[in-house]
Amino acid sequence: MNNDLPAEAKPMLPALREDAARRSGVGIADLRVVSFEEVTWADGALGCAQPGQTYTMALVPGWRIVLAAPQGAPQHYHASRRGGWVWCPAERSRTPPGTLQRM
């Protein structure tokens with residue numbers, strides 16, 4: 001799936017893989033992009049607000065990316081096209097406005 005990613009998303013993949021490997025305890029080489037979705041986040045929180053934090057109130061184009069190894073739990077990331085990204089646990093994840101929720 002890496003070849004299907006837009007060119008502007010590819011530079012952040014090494015950092016995402018490193019973070020996902022650390023969180024999941026698997027090797028970086030075992031991680032694959034299992035889901036990639038282009039989205040527009042409602043604000044600077046990138047759909048993953050942390051309690052007590054304030055964020056810019058502007059639409060932010062970006063992506064929702066899921067990395068996983070065959071034997072590991074999926075790791076979810078929200079990113080902006082400017083290169084910023086956050087790991088986003090399911091309990092904090094928010095669906096961008098106008099996005100269909102996948103079941």
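Values in this document were obtained by computation on a predicted structure and should not be read as measured data.

Caption draft 1: Region of the structure containing the sheet that holds strand 3 (residues 75-80). Spatial strand order, 1-2-3-4: 4 strands in an open sheet with antiparallel pairing. Looking at strand neighbours, the two that pair on one side only are strand 1 (32-41) and strand 4 (85-87), the edges of this open sheet. In this sheet, adjacent strand axes meet at a mean angle of 20 degrees when their direction is disregarded. Where strand 1 meets strand 2 (residues 60-68), 9 bridges bridge the pair, whose relative direction is antiparallel. Bridged to valine 33 within strand 2 is leucine 67.

Caption draft 2: Inspection of unusual backbone geometry at higher detail. Unusually for a residue other than glycine, leucine 46 sits at a positive phi of about 55 degrees. Positionally, leucine 46 belongs in the loop between strand 1 and strand 2. The exposure class of leucine 46 is buried, given its relative accessible area of 7%.

Caption draft 3: Examining the nonpolar core more closely. Core analysis: the biggest nonpolar cluster contains 17 residues, and Leu16, Val33, Phe36, Trp63, Ile65 and Leu67 have the highest contact counts within it. Every element with two or more residues in this core is listed here: helix 1 (13-24), strand 1, strand 2 and strand 3. Residue contributions to this core peak at 4 residues, all from helix 1. Leucine 16 has contacts with Ile65, Leu67, Tyr77 and Trp85, leaving out every residue within four places of it along the chain.

Caption draft 4: Inspection of the environment of glutamine 53 at higher detail. Assignment of secondary structure puts glutamine 53 in the loop between strand 1 and strand 2. Spatially, the C-alpha atoms of glutamine 53 and leucine 5 are 30 Å apart, while their sequence positions differ by 48 residues.

Caption draft 5: The packing of aromatic side chains, seen in detail. The final tally for this structure, using the stated rule, is 2 aromatic pairs. Taking NZ or CZ as reference, arginine 23 lies 3.9 Å from the ring centre of tryptophan 87, over its face.

Caption draft 6: Summary view of the pattern of salt bridges. Across all of its chains, the model carries 4 salt bridges by this definition. A salt bridge links arginine 23 to aspartate 19, with the nearest nitrogen and oxygen atoms 2.6 Å apart. With a gap of 4 residues between them, arginine 23 and aspartate 19 both fall in helix 1, about one helical turn apart. On the accessibility criterion, arginine 23 (36% relative accessible area) is partly exposed. With its nearest N and O atoms 3.0 Å apart, the salt bridge here joins arginine 64 to glutamate 37. Placement of arginine 64 in strand 2 and of glutamate 37 in strand 1 is noted, with a sequence separation of 27 residues between them.

Conventions and cut-offs
Counting of residues starts from 1 at the beginning of each chain's written sequence and follows it residue by residue. Side-chain atom pairs in this predicted model are given and counted only at pLDDT of 80 or more, local residue features only at pLDDT of at least 70, and totals for whole chains, interfaces and linings cover all residues. Hydrogen atoms and water are omitted, and side-chain values are computed over all heavy atoms in the structure. In short, DSSP must find at least two bridges between two strands for them to pair. Helix and strand assignments come from DSSP, with helices taken as H or I runs of at least 4 residues and strands as E runs of at least 2, each series counted from the N terminus. Geometry is summarised by axes, namely lines fitted to C-alpha atoms with helices restricted to the contacting stretch, and by angles between N-to-C directions that run from 0 to 180 degrees. We call a residue buried when its accessible area falls under 20% of the maximum for its residue type, exposed when it is over 50%, and partly exposed in between, using a 1.4 Å probe and counting protein chains only. Buried residues of nine kinds, namely Ala, Val, Leu, Ile, Met, Phe, Trp, Tyr and Cys, make up a nonpolar core once their side-chain atoms join them within 4.5 Å. Two residues qualify as a contact provided that any one of their heavy atoms is within 4.5 Å of a heavy atom in the partner residue. Centre distance within 6.5 Å is the pairing criterion for rings of Phe, Tyr and Trp, where only the six-membered ring of Trp is used; planes under 30 degrees apart are then read as stacked, over 60 as edge-to-face, and the remainder as tilted. Two thresholds decide whether a charge sits over a ring: the Lys NZ or Arg CZ must be within 6 Å of the ring centre and within 35 degrees of the ring normal. Definition used for salt bridges: Asp or Glu carboxyl oxygen within 4 Å of a side-chain nitrogen of Lys or Arg.

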